[in-house]
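The lines below spell out each chain.
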Amino acid sequence: MFRALRRRNALKVILVLLGAAWLVGCARLPFGRPAPPETAVRWALLSDLHVSEKVPDIVRGFDIHGNVDKVVAEIIAAKPDGAIITGDLARNEGLPGDYVVLRKHLEPLMAAMPVAMTLGNHDHRANFLKQFPKHPGEAAPLKGKHVRVIETGGLRFFILDSLMGAGGPGGITAGLLGQEQRQWLARELAKPDPRPVFLFFHHDPGERDGELHDTELLYKIILPSKKVKAIFYGHSHDYVIDKKDGLYLINIPAVAYNFDDKTREPMPVGWIEAKLSARGGEFTLHAVGGNTRDNGKTVSLVWR
């Protein structure tokens, strides 16, 4: 049994082998015909790269550029269908030079597969878009927000934008989707499209100062819609699997560094290999640093 670490209430999740019933489609159809195997896609999930134009850049004892290169190499070797990075791409305030260096790190990955990115509180939207003008999926008709919809393997990924303002020292740490983005999301979920939906953004949902300020307004939209299966986020540099009214909340670990203090066990630094289908998901931790105890461990979830 694997215990997913978290800051508030710990959630116990059970390791399930790759031959689990939901994955191999062992359910029976009428007249004894076996159900077809569940279609699944594999995506790499990572967060909080914190790349700067400073080379080398050692923070909290972690080699940021080295970690990014290790993770990129591992993902390319794993050959997933694509990768999603949930924000804080830049080190402090998203300087133009930060994204120039970041692009050099990510070019091999982008040449191998689609790479989608959300924006965090340390990012600068205009500087980011100047270096990364092309993105997978379809753009949402929202001004001033970087929002995309990716369709893959019968699933829909909503790449949302929780960047509230300038990051860095003295900047705004908290996140906000905002009314226009929430209204757009509500309209999308109201459409007669039965495909499962997964949300990706940077800030962790919650009520504390540095978290997503419109979390409760978001929940009012997505909790009643059973097609929304999980939300994925970064920001806290934690690896957390939680659940709210059947909806999974998955905190992706940071690539750059973790926060190690005396009040909790250190978190892993690395990425998640996610195998997703309409019925559930398998999440394998690839830890390149920090707490590597659960490196290679897989957690299996069944959606509501």
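The structure reproduced in this document is the subject of the present report.

Conventions we followed
- Residues numbered from 1 in each chain as written.
- Predicted model: local features only at pLDDT ≥ 70, side-chain atom pairs only at ≥ 80, totals over all residues.
- Heavy atoms only, no water.
- Axes fitted to C-alpha atoms, helices over the stretch in contact; angles between N-to-C directions.
- Helix = DSSP H or I, 4+ residues; strand = E, 2+ residues; numbered from the N terminus.
- Parallel < 35°, antiparallel > 145°, perpendicular 65-115°, else oblique.
- Contact = heavy atoms within 4.5 Å.
- Nonpolar A, V, L, I, M, F, W, Y, C, P; charged D, E, K, R; others polar.
- Core = buried A, V, L, I, M, F, W, Y, C linked by side-chain atoms within 4.5 Å.
- Buried < 20%, exposed > 50% of the residue type's maximum accessible area, 1.4 Å probe, protein only.
- Expected span 1.5 Å × (residues − 1).
- Arc of directions from axis to C-beta.
- Polar contact = N/O pair within 3.5 Å; in protein donor to acceptor, adjacent residues only side chain to side chain.
- Left-handed = near helix turned anticlockwise from the far one by under 90°.
- Pairing = 2+ DSSP bridges.
- Right-handed = clockwise from strand over helix to strand, strands pointing away.
- Phe/Tyr/Trp six-rings, centres within 6.5 Å; stacked < 30°, edge-to-face > 60°.

1. What to know about the packing of helix α2 (residues 64–78) against helix α3 (residues 96–112)
No. 1: Where α2 meets α3, the axes come as close as 9 Å, and the angle between the chain directions of the two elements is 5 degrees. Taken together, the axes of α2 and α3 lie roughly parallel to each other. In this structure, α2 contributes His65, Val68, Asp69, Val72, Ile75 and Ile76 to the contact, and α3 contributes Val101, His105, Leu106, Pro108, Leu109 and Ala112.
No. 2: Taken together, the residues of the contact of α2 with α3 break down into 9 nonpolar, 2 polar and 1 charged.

2. Description of the nonpolar core
No. 1: With 33 residues, the main nonpolar core has Leu46, Leu49 and Leu106 as its most contacted residues.
No. 2: Counting residues per element, the ones that place at least two in this core are β3 (40–46), α2, β6 (82–86), α3, β7 (115–118) and β15 (268–277).
No. 3: Beyond its immediate stretch of four places on either side in the chain, Leu106 contacts Leu49, Val72, Ile85, Met117 and Phe132.
No. 4: One finds Val41, Tyr248, Met267 and Ala274 within the second-largest nonpolar core, a separate group that totals 28 residues.

3. Description of α2
No. 1: Counted at 1.5 Å a residue, the expected span for α2 with its 15 residues is 21 Å, and the 21 Å between its end C-alpha atoms agrees.
No. 2: Every buried residue of α2 is accounted for by Ile64, His65, Asn67, Val68, Val71, Val72 and Ile75. Seen along its axis, α2 keeps its buried residues to an arc of 160 degrees; they face one direction.
No. 3: Each element contacted by the buried residues of α2 is listed here: β3, β4 (58–59), β5 (62–63), α3, β15 and β16 (280–290).
No. 4: N-capping of α2 is provided by Asp63, with a side-chain oxygen placed 3.4 Å from the backbone N of His65.
No. 5: Positive backbone phi, approximately 55 degrees, marks Lys79, located one or two places after α2.

4. Here we look at the packing of helix α5 (residues 179–190) against helix α6 (residues 215–222)
No. 1: The contact between α5 and α6 brings their axes to 10 Å, and the two run at 15 degrees. Viewed along their axes, α5 and α6 adopt a mutual orientation that is roughly parallel. When you trace α5 past α6, the crossing you get is right-handed. Contact with α5, carried on its side by Arg182, Leu185, Ala186 and Leu189, involves Leu217, Leu218, Ile221 and Ile222 of α6 and no other residues of that element.

5. A word on the pairing of strand β12 (residues 228–233)
No. 1: Taken across its 6 residues, β12 has 6 buried, putting it largely inside the fold.
No. 2: The sheet contact formed by strand β11 (residues 197–200) and β12 spans 4 bridges and is parallel. Bridge pairing links Leu199 to Ile231 in β12.
No. 3: With respect to chirality, the unit in which β11 leads through α6 into the neighbouring parallel β12 is right-handed.
No. 4: As paired strands, β12 and strand β14 (residues 247–251) are joined by 4 bridges and run parallel to one another. Each residue of the ladder has a partner; that of Phe232, found in β14, is Ile250.

6. Thoughts on the pairing of β11
No. 1: Residues Val197 and Leu199 line one face of β11 and the alternating positions Phe198 and Phe200 line the opposite face, and both faces are buried.
No. 2: Where strand β10 (residues 155–159) and β11 come together, 4 bridges link them in parallel fashion. Bridge assignment links Ile159 to a residue of β11, and that residue is Phe200.

7. Thoughts on the packing of aromatic side chains
No. 1: All chains considered together, the criterion is met by 13 aromatic pairs.
No. 2: Measuring from ring centre to ring centre gives 5.9 Å for Phe157 and Phe198, while their planes differ by 80 degrees; the resulting arrangement is edge-to-face. Of this pair, Phe157 sits in strand β10 while Phe198 is found in strand β11, placing the two residues 41 residues apart along the sequence.
No. 3: Aromatic pair Phe158 and Trp184: ring centres 5.5 Å apart, planes at 45 degrees, arrangement tilted. In this pair, Phe158 is assigned in strand β10 and Trp184 in helix α5, connecting sequence segments 26 residues apart.
No. 4: Judged by relative accessible area, Phe158 falls into the buried class, the value being 0%.
No. 5: Relative accessible area serves as the criterion here: at 4%, Trp184 is assigned to the buried category.
No. 6: An aromatic cluster of at least three residues, connected via ring pairs, comprises Trp43, Phe157, Phe198, Phe200, Phe232, Tyr248, Phe283 and Trp303.

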